[in-house]
Amino acid sequence: MLEGLKRLEYRGYDSAGLAVLQDGGVTNVKSVGRVANLAKLASGKNLTGTTGISHTRWATHGGVTDANAHPHVSSDGQVVLVHNGVIENYVAIKKFLLTKGYTFASETDTEVLANLIAYHLAKEPAAPAPAPGASAPMADASSRFLTAVRKTLLHVEGTYGIAVLSPAHPGELVAARKGSPLILGVGENEHLIASDVSALVSRTQNVVYLKDGELVHVTGSGFTLSTLDLADVSPVIDQVTWSVEDAELGEHPHYMLKEIFEQPQALENAMRGRFSADGSTANFGGLNLTPADFRIIDRFVFTSCGTGWHACLVAEHLIERYARIPVEVDYASEFRYRNAPLDRDALFFVISQSGETIDTLAALREAKRKGYKCMAICNVVGSTIARESDGGIYQHAGPEIGVASTKAFTSQLLIAAMFALYVARMRDMSFSEGVEFVKGLKQVPDLAARTLKLAPQIEDIAKRYSKFNDFLFLGRLDLFPIALEGALKLKEISYIHAEGYPAAEMKHGPIALISEECPSVFLVPKGELFNKVVSSMQEIKARKGLIIAIAPESVELPEGLADETLRIPDCHDAVLPILATIPVQLLSYHIALARGCDVDKPRNLAKSVTVE
Ligand code: AGP
């Protein structure tokens, strides 16, 4: 369990705990801080049981304290439980349980679950003994414990991924999900349950992805799946396609740096097998849509969160420019409540690296509820969003562990460019333009590798600029989302205040921030807007602002205008956002290092946000 928790550390947490059934009772150990603290505490406890549950907590209800850490034990000591998610009606449940004599030791919403299961367990009649000569009933049919968990969950509003034990039922473990991911690993002589494949993959590659509303009942002789309304479910065992080494740090000092340098490979993987034989377009088998379906689409709606939302903005530019179909982009967290009127023939897309972000999942469900076909661009195979969408495109970027998304973002940009090409070729793009486009895309892995050679120059710049506490990132059209992404990366891992703006918009307000203390990072385009961006740079320079320019090799910047210039390779226009991203990733990484920040475990952040 400790190894599993260690492998989940990257997801962000503030406390950790574990409980083991042994000697007829529960040994529960928990502590604020790192898993290493928990390991130290646990080593003094002589843990001998073979059934246990463990958890890392990212605080929602109640502060970061030992008492609020999971596992939580019911006040009668009969139930112990770990929980991801939020129980929305916990106040009403707590009131009820107080009248029944149950007490509470934490400020969490989770503790009501432990007590409510204990309440139902106490009420559940013992199974009648089998008649002489008759075989014993199936464990499931007679499991008071499973029934108590099921009854509890019928009263719960909110989201959960739970694992539950009872010292009175030492041969059983029950886990269930609604809105929070849960995966069963089927190992050799063991079963493992986790919220993320990376916790299991060192023990088994055979996994069952639970669906919302499903429970798994694990006993010494195997496992069964069922639904809350008592239907049996036949398990589908999937194979995890990556190995434990893919998720390890190797020679690299940080996951973020490892993943930045994996980008050429991730980009190659995103394209593999996805170009037509005539080299003029892309193919996406997983979309489950025919060219005729595409002909009637009159709008795409893209939603996502965080970095994925920036990828949506780039997709908007590329699709509108090359395929000439309107695109609307919305934050998933806003879309789900906005009740936006949608065109009749809109096609809905979500982008999510993890495939588990609850806001994005909710947006997908809302669009499906309204009857729209929904596609997903996801990295994690088998994730909830990937499974609930009507079709989609897997990124194949490999596991992304760093909290700050890097390789997943550039791979989303490449898929967006390929998708724009795919739709454009069904509309007005000619064969020869398509061939040029494909050639441009195929160069991306090599060009990304060349861009990575800027690392030493960027490290040097970062050392000199790490003293500043405010940054502006400026770009236009499809480089504006890269400005937003640069600002987000810097905020996330170095805690520096940074803002992304369309370069020309800067003079309508943010220019007030400009001084010798607030550098601007410019993403310089080629073509018709080059001169306009240079004018924006002049406006900054005139106000003594420092400028870091990220510009294609062939553009000529006025002498002395930029204080630092990072040259990225010339490329097809659709590829420029990908190459321009790499320097901003490296810049935030090195600035964060220079400021002594913990790059892979940035404060307050979780890798995938599975609560609303
Ligand atoms: C990116 O650096 C962030 N950590 C965050 O914004 C992330 O992109 C967002 O939470 C969405 O995650 P997802 O792609 O896994 O859905």
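Residues numbered from 1 in each chain as written. Predicted model: local features only at pLDDT ≥ 70, side-chain atom pairs only at ≥ 80, totals over all residues. Heavy atoms only, no water.

## Quick word on the packing of helix α16 (residues 444-452) against helix α20 (residues 576-594)
Packed helices, taken two at a time, are described by the angle their axes make and the gap between the axes. In the contact formed by α16 and α20, the axes pass within 10 Å of each other and the chain directions differ by 30°. By the angle between their axes, α16 is roughly parallel relative to α20. For the crossing formed where α16 meets α20, the hand is right-handed. Here V444, L447, A448, T451 and L452 of α16 come into contact with α20, specifically with I578, L579, I582, P583 and L586. Taken together, the residues that form the contact of α16 with α20 break down as nine nonpolar, one polar and no charged. (Axes fitted to C-alpha atoms, helices over the stretch in contact; angles between N-to-C directions. Helix = DSSP H or I, 4+ residues; strand = E, 2+ residues; numbered from the N terminus. Parallel < 35°, antiparallel > 145°, perpendicular 65-115°, else oblique. Left-handed = near helix turned anticlockwise from the far one by under 90°. Contact = heavy atoms within 4.5 Å. Nonpolar A, V, L, I, M, F, W, Y, C, P; charged D, E, K, R; others polar.)

## Concerning the environment of N531
Its place among the elements puts N531 in helix α19 (residues 530-541). In this structure N531 comes out as exposed when scored by relative accessible area, which is 55%. Taking the C-alpha atoms as reference points, N531 and D212, 319 residues apart in sequence, are found 53 Å from one another. (Buried < 20%, exposed > 50% of the residue type's maximum accessible area, 1.4 Å probe, protein only.)

## Some points on the pairing of strand β22 (residues 520-523)
Alternating positions in β22 separate into two faces, S520 and F522 on one and V521 and L523 on the other, with burial throughout. As judged from the three bridges shared by strand β20 (residues 470-475) and β22, these two strands associate in the parallel manner. Each bridged residue has a counterpart across the sheet, and for F473 the counterpart in β22 is V521. Pairing between β22 and strand β23 (residues 547-552): four bridges, direction parallel. Within β23, the position partnered with F522 by the bridge is A549. Regarding topology, α19 serves as the crossover connection from β22 to the parallel β23, and that connection is right-handed. (Pairing = 2+ DSSP bridges. Right-handed = clockwise from strand over helix to strand, strands pointing away.)

## Focus: the site of the ligand
Not every one of the 13 residues close to the ligand is listed here, only the nearest: S352, Q353, S354, T357 and E492. A distance of 2.6 Å is found between an oxygen atom of the ligand and a side-chain nitrogen or oxygen belonging to S352. Here an oxygen atom of the ligand and a side-chain polar atom of T357 are 2.4 Å apart. Coverage of the ligand by the protein amounts to 90% of the 410 Å² it exposes when considered alone. For the shell around the ligand, the secondary structure elements donating two or more residues are α10 (306-323) and α18 (480-494). Residue contributions to the shell around the ligand peak at three residues, all from α10. When its residues are assigned to classes, the shell around the ligand shows three nonpolar, eight polar and two charged. (Near = heavy atom within 4 Å. Polar contact = N/O pair within 3.5 Å; in protein donor to acceptor, adjacent residues only side chain to side chain. Areas by Shrake-Rupley, 256 points an atom, 1.4 Å probe, with all protein chains shown as cover.)

## Regarding the nonpolar core
Grouped together as the largest cluster of nonpolar side chains are 97 residues, with contacts concentrated most on F294, F300, F302, I319, F419, L441 and F471. Both domain 2 (249-442) and domain 3 (448-612) contribute no fewer than three residues apiece to this core. With sequence-adjacent residues up to four places away left out, F300 is seen in contact with F294, I319, I325, P326, V327, E328, L347, F349, F419 and V423. L97, Y102, V149 and L153 belong to the second-largest nonpolar core, a separate cluster that totals 27 residues. (Core = buried A, V, L, I, M, F, W, Y, C linked by side-chain atoms within 4.5 Å. Domains from an automatic or database assignment.)

## Some words on the packing of aromatic side chains
Applying the stated criterion to the full structure yields 16 aromatic pairs. Look at F294 and Y422: their rings are 5.4 Å apart centre to centre, the planes differ by 90°, and that puts the pair in the edge-to-face class. Of this pair, F294 sits in helix α9 (residues 291-295) while Y422 sits in helix α14 (residues 407-426), and the two are 128 residues apart along the sequence. Accessibility expressed as a relative area gives 2% for F294, which makes it buried. Since its relative accessible area comes to 10%, Y422 is described here as buried. (Phe/Tyr/Trp six-rings, centres within 6.5 Å; stacked < 30°, edge-to-face > 60°.)

## Side note on the pattern of salt bridges
Within this structure, the stated rule accounts for 29 salt bridges. One salt bridge in this structure joins R299 and D343, with 2.7 Å as the shortest N-O distance. Taken together, the positions of R299 in strand β15 (residues 299-304) and D343 in the loop between α11 (332-338) and β17 (346-352) put the pair 44 residues apart, joining distant regions of the chain. For R299, a relative accessible area of 22% gives the class partly exposed. Among the ionic pairs, K439 bridges to E436, the shortest N-O distance being 3.6 Å. Placement of the pair is K439 and E436 together in helix α15 (residues 431-442), with a separation of three residues, close to one helical turn. On the accessibility criterion, E436 (46% relative accessible area) is partly exposed. A single network of salt bridges, built from pairs that share partners, joins R299, E328, D330, R338 and D343. (Salt bridge = Lys/Arg side-chain N within 4 Å of Asp/Glu carboxyl O.)

## Focus: the side chain of Q585
Turning to its location among the elements, Q585 is positioned in helix α20. Judged by relative accessible area, Q585 falls into the buried class, the value being 0%. If we ignore the near neighbours within four places in the chain, the residues touching Q585 are M256, I260, Q263, T406 and T410.

## A word on the domain arrangement of the protein chain
Taken as a whole, the protein chain is organised into domain 1 (2-245), domain 2 (249-442) and domain 3 (448-612). One C-alpha centre belongs to domain 1, the other to domain 2; they are set 35 Å apart. The interface is formed by ten residues belonging to domain 1 together with twelve residues belonging to domain 2. Note on domain 1 versus domain 2: buried area summed over both sides is about 950 Å², and carbon and sulfur give 57% of it. Along the contact surface separating domain 1 from domain 2 lie one salt bridge. Between R365 and D212 there is a salt bridge, with the nearest N and O atoms lying 2.5 Å from each other. Across the contact surface, domain 1 and domain 2 share four residue pairs in polar contact (both at pLDDT 80 or more). Here the side of domain 1 that touches domain 2 is composed, by residue class, of five nonpolar, two polar and three charged. (Buried area = accessible area lost by both parts, 1.4 Å probe.)

## Focus on the sheet that holds β23
Spatial strand order, β21-β20-β22-β23-β24: five strands in an open sheet with parallel pairing. The sheet is open, and its two edges are formed by β21 (497-502) and β24 (564-568), each paired on a single side. Between one strand and the next, the sheet's axes are offset by a mean angle of 15°, whatever the strand orientation. Against the sheet, α18 makes contact with β20, β21 and β22, and its axis sits at roughly 175° relative to β21, the strand it touches most.

## Considering the sheet that holds strand β12 (residues 222-227)
Taken together, seven strands build an open sheet; the order of strands is β4-β5-β6-β7-β11-β12-β13 and the sheet is antiparallel. In this open sheet, the two strands that pair with only one neighbour each are β4 (72-73) and β13 (232-233). In terms of strand pairing, strand β5 (residues 80-84) meets strand β6 (residues 160-165) through five bridges, oriented antiparallel. Paired with N84 across the two strands is G161, which belongs to β6. Where helix α6 (residues 144-153) meets the sheet, it contacts β6, β7 (172-178), β11 (214-219) and β12, and its direction lies at approximately 150° from that of β6.

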